[in-house]
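# Architecture at a glance
For reference, the chains in residue letters:
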Amino acid sequence: MNQFVSPLRKPPAGHVRPKFLVFIALAFCVLAVSVAFFGVSAVTPYIGVVLALNDHGWTVQSVDSNGLAREAGIKEGDVPVAINGQPADVFLEKYEKAGIVFEVLIRELTVVNGEGQLKSVARENNPPSSRSVAEVAAWFITSLVFWAVGFYVLIKRPRNMAAMLLCLCGLTFGLALSGNMAAERLVPGALQLQVVAAVIGPWLLFHFFLILPEERAWLRKSRLVYLIYLPAAITLVLFPIMGYADGQPLPGFRTFRLLEYGAGFLAAAGAVLFNYLRAGSPRTRQQMKIVLISCLAAIIPFLVLSIFPATIQNIIPSGFNLLFIAFIPLGLGYAVVTTKLMDIDVLIRRSVVYGLITLVMAAILSAGIITVVVFQDTLGIPEEIAISIGLGGVATLLFGPTKRTIETLVDRLFYKDRYDYRQIIQSMSASLRSLNDCVDISRVIVGTTVHTLNLAGGCLFTKSQSGSFELSAGQGTFADPDKQGELATIISQGIEGIEFPNAASTACSDLAFLIPLIAGDKRVGILCLSQKASRQDFSSNDLYLLQGLASVGAMALHSAMLVRDVSMRDTFVSIASHELRTPLTAITGYAELLLRRDPPEATRRRWLQNIFDNSQKISKMVDDLLNVSRIQTGRTTIKLQRVKVSDVLDEVLSMVRESCDKSKYEFVVDIEPALPDVLVDRDKFGQVIGNLLDNAVKYSPNGGRITLSAHNDPERHRVVVSVADEGIGIGAEDKASLFTTFHRIQRPETQGIRGSGLGLYIAKEWTQAMGGEIWLESQLNKGSTFFVAVPTQTLQDGPKKELHVIGRACQ
Ligand code: ADP
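Conventions used here
Residues numbered from 1 in each chain as written. Predicted model: local features only at pLDDT ≥ 70, side-chain atom pairs only at ≥ 80, totals over all residues. Heavy atoms only, no water. Helix = DSSP H or I, 4+ residues; strand = E, 2+ residues; numbered from the N terminus. Buried < 20%, exposed > 50% of the residue type's maximum accessible area, 1.4 Å probe, protein only. Contact = heavy atoms within 4.5 Å. Areas by Shrake-Rupley, 256 points an atom, 1.4 Å probe, with all protein chains shown as cover. Polar contact = N/O pair within 3.5 Å; in protein donor to acceptor, adjacent residues only side chain to side chain. Axes fitted to C-alpha atoms, helices over the stretch in contact; angles between N-to-C directions. Parallel < 35°, antiparallel > 145°, perpendicular 65-115°, else oblique. Left-handed = near helix turned anticlockwise from the far one by under 90°. Core = buried A, V, L, I, M, F, W, Y, C linked by side-chain atoms within 4.5 Å. pLDDT = per-residue confidence, 0-100. Near = heavy atom within 4 Å. Nonpolar A, V, L, I, M, F, W, Y, C, P; charged D, E, K, R; others polar. Pairing = 2+ DSSP bridges. Phe/Tyr/Trp six-rings, centres within 6.5 Å; stacked < 30°, edge-to-face > 60°.

## Digging into the overall build of the chain
- Check the secondary structure of the chain and you find 25 helices and 21 strands.
- Looking at the chain as a whole, 47% of its 811 residues are labelled buried.
- Long-range contacts, defined here as pairs at least 24 residues apart, represent 69% of the contacts in the chain between residues at least 6 apart.
- Accessible area for the chain stands at about 39,900 Å²; split by element, carbon and sulfur atoms hold 60% of it.

## Thoughts on the side chain of D681
- On the secondary structure map, D681 appears in the loop between strand 16 (678–680) and helix 23 (682–698).
- Overall, the relative accessible area of 6% leaves D681 in the buried class.
- A polar side-chain atom of D681 sits 2.8 Å from the main-chain amide nitrogen of K639.
- Contacts of D681, omitting those with residues within four sequence positions, involve T637, I638, K639, L640 and M770.

## As for the packing of helix 16 (residues 421–433) against helix 17 (residues 438–453)
- Taken N-terminus to C-terminus, the directions of helix 16 and helix 17 make an angle of 160°; their axes are 10 Å apart at the nearest point. By the angle between their directions, the pair helix 16 and helix 17 is classed as roughly antiparallel. The way helix 16 lies across helix 17 gives a crossing that is right-handed. Residues I424, M428, S431 and L432 of helix 16 form the contact with helix 17, whose participating residues are I441, V444, I445, T448 and T452.

## Let's talk about the environment of T477
- Note on placement: T477 falls in the loop between strand 11 (469–476) and helix 18 (481–492).
- By relative accessible area, which is 37% here, T477 ends up partly exposed.
- Separated by 52 residues in sequence, T477 and L529 place their C-alpha atoms 9.9 Å apart.
- Aside from chain neighbours lying at most four places away, what touches T477 is A456, G457, K483 and S530.

## A short note on the nonpolar core
- Membership of the largest hydrophobic core comes to 54 residues, with the highest contact counts inside it found for F685 and V721.
- Examining the composition of this core, we find that 7 residues originate from one element, helix 23, more than from any other.
- Setting aside residues up to four positions removed in sequence, V721 forms contacts with V645, L649, F685, I689, L708, S709, A710, F786, F787 and V788.
- Within the second largest apolar cluster, 50 residues are counted, among which are V145, W203, V225 and Y229.

## Description of the confidence of the model for the chain
- Confidence along the chain averages 78 in pLDDT terms, with 80% of residues attaining 70 or more.
- In the model, residues 1–18 has pLDDT below 50 throughout and makes 43 contacts with residues more than four positions away in sequence or in other chains.
- Low pLDDT, under 50, characterises residues 499–504; the stretch is placed with 15 contacts to residues that sit more than four places away or in other chains.

## A look at the site of the ligand
- Close to the ligand lie 20 residues, the nearest being N695, Y699, D725, R744 and L760.
- One of the side-chain nitrogen or oxygen atoms of K698 is found 3.0 Å away from an oxygen atom of the ligand.
- Contacts to the ligand include S756, whose backbone N or O atom sits 2.9 Å from an oxygen atom.
- Burial of the ligand by the surrounding chains reaches 98%, relative to a free accessible area of 530 Å².
- Elements supplying a minimum of two residues to the shell around the ligand: helix 23, helix 25 (759–769) and strand 20 (783–791).
- Per-element accounting of the shell around the ligand gives the leading share, 3 residues, to helix 23.
- Per-class residue counts for the shell around the ligand are 8 nonpolar, 9 polar and 3 charged.

## Quick look at the sheet that holds strand 10 (residues 457–463)
- On the basis of which strands lie adjacent, the open sheet formed by 4 strands has the order 11-10-13-12 and antiparallel pairing. Only two strands of the sheet have a single neighbouring strand rather than two, namely strand 11 and strand 12 (511–519). Geometrically, the sheet is characterised by an average inter-axis angle of 15° between neighbouring strands, direction not taken into account.
- Taken together, the 8 bridges between strand 12 and strand 13 (residues 522–530) define a ladder with antiparallel strand orientation. Along strand 13, the bridge assignment pairs A519 with K522.

## Focus: the packing of aromatic side chains
- Per the stated rule, a full pass over the model turns up 7 aromatic pairs.
- Geometrically, the ring pair formed by F91 and Y95 is tilted, given 5.6 Å between the ring centres and 40° between the ring planes. The two residues F91 and Y95 agree in class, both being buried.
- Centroid distance W775 to F787: 5.2 Å. Interplanar angle 10°. Geometry classified as stacked. Of this pair, W775 sits in strand 19 (residues 773–779) while F787 sits in strand 20, and the two are 12 residues apart along the sequence.
- When its relative accessible area of 26% is taken as the criterion, W775 is described as partly exposed.

## Observations regarding the sheet that holds strand 5 (residues 100–101)
- Spatially, 3 strands are ordered 2-1-5 in an open sheet, and the strand pairing comes out antiparallel. Sheet topology places strand 2 (57–63) and strand 5 at the edges, where each strand pairs with a single neighbour.
- As judged from the 2 bridges shared by strand 1 (residues 49–54) and strand 5, these two strands associate in the antiparallel manner. Residue pairing for strand 5: A52 is matched across the bridge by I100.

Here you go:
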């Protein structure tokens, strides 16, 4: 069974740190004070008018829909006659300069309307209306949601700066809402609190969106980000000095403050849009999508209900529209806490499923209510209780099966045509059946996945004989060697599976999935998938399909690996015996000749030389086999030391020059002066370069130029040595498997050339063990260049393989 690590996996819950407990306690005090405001407010009726001075003198500028003034029939445009027991002129004289009087100051009001009628209203004579209480309740519930979400997020994500900010946002907006309500009802000090909270709130929100996405993690550490609070700080300092007089805010300053809120909210909205458009990871886009959806879900009904109050006022409770604002904190909280992959498909599917479940459950409970209503004369209270408990039990028992049935039905009805799972899986299985080579199988797996899901790229790392994961196929954006290097690093760091959005996605921005391919209890490969080419999110269907493809692919790879291991052993025996037997036969032949005959001195020397050369070949073969065995059993010993590159290269080159036909080859050396020393195992580094030079000679049967170069790569702290020849070259199809054991390219040109196919495998394993990298560029019949990059500094991640590093000199 393939074990697919679901992206829908829950993240581990965080732990609360003690200092946050203090914070939470403090926050609760604020909550308590605000609740007290509401306590006062709920029993205090309010008048709900704003008076303004215009060309015709003082008039009623606005009338609150839930205040006493509206109930008393006072309308916009009415002229005040008496205020708080004084003639209006006398009262308003003080406010001529400000030109506006807010309701906070008005306790009693008498106005005259256009028809000359007098209308009066006084707070003291009126009990709070039910509308007013309902409105207060709506404000309170909304503030409560802000607070609750703030705390919840803080508890869930204590180490997260975004969570802290969200908690502060929750508190601030909760406070702003309660302060606003209390200020309308003349609660002392509420106005100032409301102004403080409301001015800081939008900037907190802006800050939150600035640092929320992973891409802007660096902003979290930058102190400059706090500069965004400067306008809010200036406003708060100016407010008591020049913005507030005679118990009310001055209109000019009020406008300034409104501009200030506007700027803060616009900046926050801009940051959300920017994050959405420039998201480097699906996680960020997902978060921003949730925020945008929740804002729309809040603002659209809020505006609709606020714009048409007259038509719907009598249908829905007063202040109802405010409740929609609660979607905003809910969305923000969800965006911080969630690590779930939620695309629109998933959202719709869940809404449909849970909507239908609610209907079924409601039907069951309605049955109970109807029974009780119909038989109310005959049923006593104990029977009614028994019926309720019975139906509650039935509803509980039915919940699970109902949910499963509805899910199956919904999937069948709404999602059946998205993918033809069976067809895709069957055709992939059919293509894989005829293949035995891991590379070919990998190509099919990657190709099918990338094509079917319309991904920008994908690649597969399969388990090699030495136990490491090696690239076996890459497509699209993941065909790029740099990207593959990045992915190889992620895999070598042991990141397992996918936890969406996961650590891997920050390490490599366009990586969406790392799926381990597991057959039985063996991990045979790791499939790396990018985002979709269309930048759409993955749906639940995509995930189901991926699961299927991964299972089939894992099984095909596993069986190919078993076949490979068996044939490997056969190859090993046949190559080893052939490669050992050929020189041994020559040695035996010449030795026998020497024993039987007494040749002249020159011939004798030639025969002895032949015996020597062939015994060298046997010795090299035995060395290679031992090295392979050491690598595969993790017993290679690497002694790292500082080494001067030019010394090693000179030494190796002179040895190779000695052993080849100098008239056929032109050796060019291009070593950058002042190369830094490298940190390698001197012998093994020499042998790797020696092997590449030997191959350059061996696979250039017509001779030609062989160039040995060495250049510094200071950015990546390494030196790159290359060996270029003008020989037979290597085709693209052979490049991937070149560095595996016993891989020899079978071409007419390589017919007469002897070799074991182990040299490059050993070179790669050793280079990687020293923290380096080996790769090649080649064109068929034009020549090849092999590159070996070795570090100039301490190994960053330790040796790549489980090799035994016994020394790290001069680090
Ligand atoms: P060997 O040379 O002993 O066969 P190697 O592991 O060194 O083993 O090389 C593996 C294969 O790679 C060789 O059999 C040859 O086909 C190919 N090869 C290696 N180096 C070159 C080169 N410079 N030019 C062309 N082909 C090469």
